[in-house]
Amino acid sequence: MPTLHLRLTPNSNNGITKCLLSNPLKAQKFRLHSIVVNKQSNGYNHGHIYLRIPFATASQVHTSDRKGYLLVPTAKSTTGIEIHNFSDGLPIEADNIPQSFECQILQADMTPFTSNTNLLSVDLYYGYESHSLF
């Protein structure tokens, strides 16, 4: 089973990370296996962050308070790395994934992370069935 790794980083572009794959991926079943939240310095003083991932959150993931966003819990005011593992993976039916797309990291109040003062990166690890286009 191939792995798709996405690294999302805070930046001055409204928290949007442009993801570039080596090739587009066909519509298929994905499984989100792990999320790694890398915090620094004084940490992040809220209990969660939101992720907008177009192929996974458009119609597949909903939270009770924000439609279309993946909610990731975080420990308040701690630094270091937090790892969230999903034993069998969270199943996601994805449409065709283009070679280039944009993801976004948002704070609990839905404002984007625009610098890395509290958060260095969020890494997502997906497993999927086939890397072939057809």
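The structure presented is a predicted model; accordingly, all values stated were derived computationally and were not measured. Throughout, a residue's number is its position along its own chain's written sequence, starting from 1. Only residues with pLDDT of at least 70 get local features here, since the model is predicted, and only at 80 or more are side-chain atom pairs given and counted; chain-wide, interface and lining totals rely on the full set of residues. No hydrogens and no water enter the side-chain calculation; it runs on all heavy atoms of the structure.

When you look at the overall build of the protein in this model, what are you seeing that I'm missing?
The way it works is that DSSP assigns letters per residue, a run of H or I at least four long becomes a helix, a run of E at least two long becomes a strand, and they are numbered from the N terminus. Scanning the protein for helices and strands turns up one helix and eight strands. Secondary structure of the protein in N-to-C order comes out as β-β-β-β-α-β-β-β-β. Across the 134 residues of the protein, 43% fall into the buried class. When checking whether two residues touch, look at their non-hydrogen atoms; a contact exists if any pair is within 4.5 Å. In the protein, once contacts between residues fewer than 6 apart in sequence are set aside, the share between residues at least 24 apart is 84%. For every accessible area listed, the method is Shrake-Rupley and the probe measures 1.4 Å; residues are considered covered only by the protein chains on display. When the accessible surface of the protein is split by element, carbon and sulfur atoms take 50% of a total near 7,000 Å². For every residue, the accessible area (1.4 Å probe, protein chains only) is compared with the maximum for its type, and the residue is labelled buried under 20%, exposed over 50%, or partly exposed between those bounds.

How should the side chain of Thr-17 be read in this particular structure?
Relative to the helices and strands, Thr-17 is located in strand 2 (residues 16–20). Judged by its relative accessible area of 9%, Thr-17 is buried. Polar contacts, as counted here, are pairs of nitrogen or oxygen atoms within 3.5 Å of one another; within protein the pair requires one atom able to donate a hydrogen and one able to accept it, and residues that are adjacent in sequence qualify only if both atoms are side-chain atoms. Separated by 3.0 Å, the side chain of Thr-17 and the backbone nitrogen of Thr-9 make a polar contact. Setting aside its immediate chain neighbours within four residues, Thr-17 contacts Arg-7, Leu-8, Thr-9, Asn-11, Phe-101, Glu-102 and Cys-103.

What exactly am I supposed to notice about the packing of aromatic side chains here?
Remark: the centre distance and the inter-plane angle together describe each pair of aromatic rings, the angle taken between the planes. Working definition: rings of Phe, Tyr and Trp (its six-membered ring) pair if their centres are within 6.5 Å, and the pair is stacked with planes under 30 degrees apart, edge-to-face with planes over 60 apart, and tilted otherwise. The tally for this structure, following the rule as stated, stands at six aromatic pairs. Seen in terms of ring centroids, Phe-30 and Tyr-126 are 6.1 Å apart; in terms of plane orientation they differ by 85 degrees. Their pairing is edge-to-face. Placement of Phe-30 in strand 3 (residues 28–39) and of Tyr-126 in strand 8 (residues 119–128) is noted, with a sequence separation of 96 residues between them. Centre to centre, the rings of Phe-30 and Tyr-128 are 5.1 Å apart; their planes meet at 20 degrees, and the pair counts as stacked. Of this pair, Phe-30 sits in strand 3 while Tyr-128 sits in strand 8; the two residues are 98 residues apart in sequence, bridging distant segments of the chain. When its relative accessible area of 7% is taken as the criterion, Tyr-128 is described as buried. Aromatic ring contacts, followed pair by pair, group Phe-30, Phe-55, Phe-101, Tyr-126 and Tyr-128 into a single cluster.

For this particular structure, what's the right way to read unusual backbone geometry?
Positive phi is not limited to glycine here, since Asn-14 has a value of about 60 degrees. Tracing the chain through its elements places Asn-14 in the loop between strand 1 (3–8) and strand 2. In this model, Met-110 sits at a positive phi of 70 degrees, which is unusual for a non-glycine residue. Here Met-110 is to be found in the loop between strand 7 (100–106) and strand 8.

It is not clear to me how the pattern of salt bridges should be interpreted in this structure. Could you clarify?
A side chain with one charge may pair with a side chain of the opposite charge, provided their charged atoms come close. Salt bridges are defined by distance alone: a side-chain nitrogen of Lys or Arg within 4 Å of a carboxyl oxygen of Asp or Glu. Following the criterion strictly, the structure yields two salt bridges and no others. In this structure, Asp-123 and Arg-7 form a salt bridge, with 2.8 Å as the shortest nitrogen-oxygen distance. Residue Asp-123 is found in strand 8, and its partner Arg-7 is found in strand 1; the two are separated by 116 residues along the sequence. The exposure class assigned to Asp-123 is buried, which follows from its relative accessible area of 3%. Lys-39 serves as the salt-bridge partner of Glu-82, at 2.6 Å between the closest nitrogen and oxygen. Linking Glu-82 in strand 6 (residues 80–94) with Lys-39 in strand 3, this pair joins segments that are 43 residues apart in sequence. You'll find Glu-82 and Lys-39 in the same group, each marked buried.

Can you help me understand the nonpolar core in this one?
One broad trend across soluble globular proteins is that nonpolar side chains are buried collectively. Among the nonpolar cores identified, the biggest contains 31 residues, and Leu-6, Leu-51, Ile-53, Phe-55, Leu-124 and Tyr-126 are the most heavily contacted of them. Here this core takes five residues from strand 8, the largest share from any one element. Among the buried residues, those of types Ala, Val, Leu, Ile, Met, Phe, Trp, Tyr and Cys that are joined through side-chain atoms within 4.5 Å form a nonpolar core.

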